[in-house]
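In case you want the letters, here they are:
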Amino acid sequence: MEQPCRTKYPILLVHGVFYRKDYWGRIPEALRKKGAVVHHSGHQATAAVADSGAELARRIRELAEEAGKVNLLAHSKGGLDSRWAISCLGMAPYVAFLTTINTPHRGCIFAEYLLGKVPQAARLKIAAAYNATMKKVGDTNPDFLAAVTDLTESACLRRNEATPDAPGVVYESVMSYCKKAQHGKFPLNMTYPIVKHFDGLNDGLVSVESAKWGERFTLLEPQGKRGISHGDVVDLNRENIRGFDVREFYVKLATDLKRRGY
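The rules behind these values
Residues numbered from 1 in each chain as written. Predicted model: local features only at pLDDT ≥ 70, side-chain atom pairs only at ≥ 80, totals over all residues. Heavy atoms only, no water. Phe/Tyr/Trp six-rings, centres within 6.5 Å; stacked < 30°, edge-to-face > 60°. Lys NZ or Arg CZ within 6 Å of the ring centre and 35° of its normal. 1 Å grid on protein atoms, 1.4 Å probe; cavity = no way out; pocket = protein on both sides within 12 Å on 5 of 7 lines; lining within 4 Å. Points joined across faces, edges and corners; volume = space filled by probe spheres on them. Helix = DSSP H or I, 4+ residues; strand = E, 2+ residues; numbered from the N terminus. Nonpolar A, V, L, I, M, F, W, Y, C, P; charged D, E, K, R; others polar. Axes fitted to C-alpha atoms, helices over the stretch in contact; angles between N-to-C directions. Parallel < 35°, antiparallel > 145°, perpendicular 65-115°, else oblique. Contact = heavy atoms within 4.5 Å.

A. The packing of aromatic side chains, seen in detail. For the structure on display, the rule yields 5 aromatic pairs. Ring centres 5.6 Å apart and planes at 55° place the aromatic pair Y23 and W24 in the tilted group. Of the aromatic side chains, those joined through ring pairs into one cluster are Y23, W24, F244, F249 and Y250. Note that R83 overlies the ring of W213, its terminal NZ or CZ placed 3.8 Å from the centroid.

B. Seen up close, empty space enclosed by the protein. Summed over the entire model, instances satisfying the criterion amount to 1 cavity of 30 Å³ or more. As a volume, the largest cavity reaches approximately 40 Å³. Lining of the largest cavity is provided by L80, R83, W84, C156, R159, N160 and T163. Contributions of two or more residues to the lining of the largest cavity are made by helix 3 (77-88) and helix 7 (153-162). Split into classes, the residues belonging to the lining of the largest cavity amount to 3 nonpolar, 2 polar and 2 charged.

C. Quick look at the packing of helix 4 (residues 109-117) against helix 8 (residues 188-199). Direction vectors running N to C along helix 4 and helix 8 enclose 105°, while the axes themselves pass 9 Å from each other. Looking at the two axes, helix 4 sits roughly perpendicular to helix 8. Contact residues: I109, F110 and Y113 in helix 4; T191, I194, V195, F198 and D199 in helix 8. Looking at the contact of helix 4 with helix 8, its residues break down into 6 nonpolar, 1 polar and 1 charged.

Right under this line is the structure:
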């Protein structure tokens, strides 16, 4: 039986911030049907990059004990957590390939807006609501404000200096974008015009320019009038988008990893 996604090293899906359960929608099943060995990072969804990176490093080492190395497919803040684990926590020998997906390597305008424009009382109220929700889905010590602070432009630019690409690890990146605010479900439809005003093309949260990283960058161009939002690119809403088969896209990513010997 043909197994086009049976890569040399297992695939570790690294989720981003604010979501955890069923984060990747129908993608893991699609990959496994094509032969891929797929694991989930399972780290806390709402924490500072250093804390999430430490949890992720433990997961990488656990899987690498059996497989030697892993391939990381990391969405949003998960890409920052992955780079921290690789560069600062000694995980480079255990990671073959890192693909970041809609990751704000140079920061997120919405994070700056939330921290700079929203009154402190409102910020604390939002944080308390998110922290309470994340505790219900498994985070033991969620910290909304720490996570958001680490997504700001200033924090990301400082961290980029501390997390240079590690020799021996292949880095690539993927990004999608919306064409209109309504292409992103709440709250992305609200943040889209803010990010567009400051940084242009974006997925409702992250700008295209912020997501570029590594040896190869792939921009997913939406067909027709429909865009591909920050949530769409990981099948968060299980929505079939005309002109973009999210499951097939990840199958192609894994097939390419296998073809290249990873």
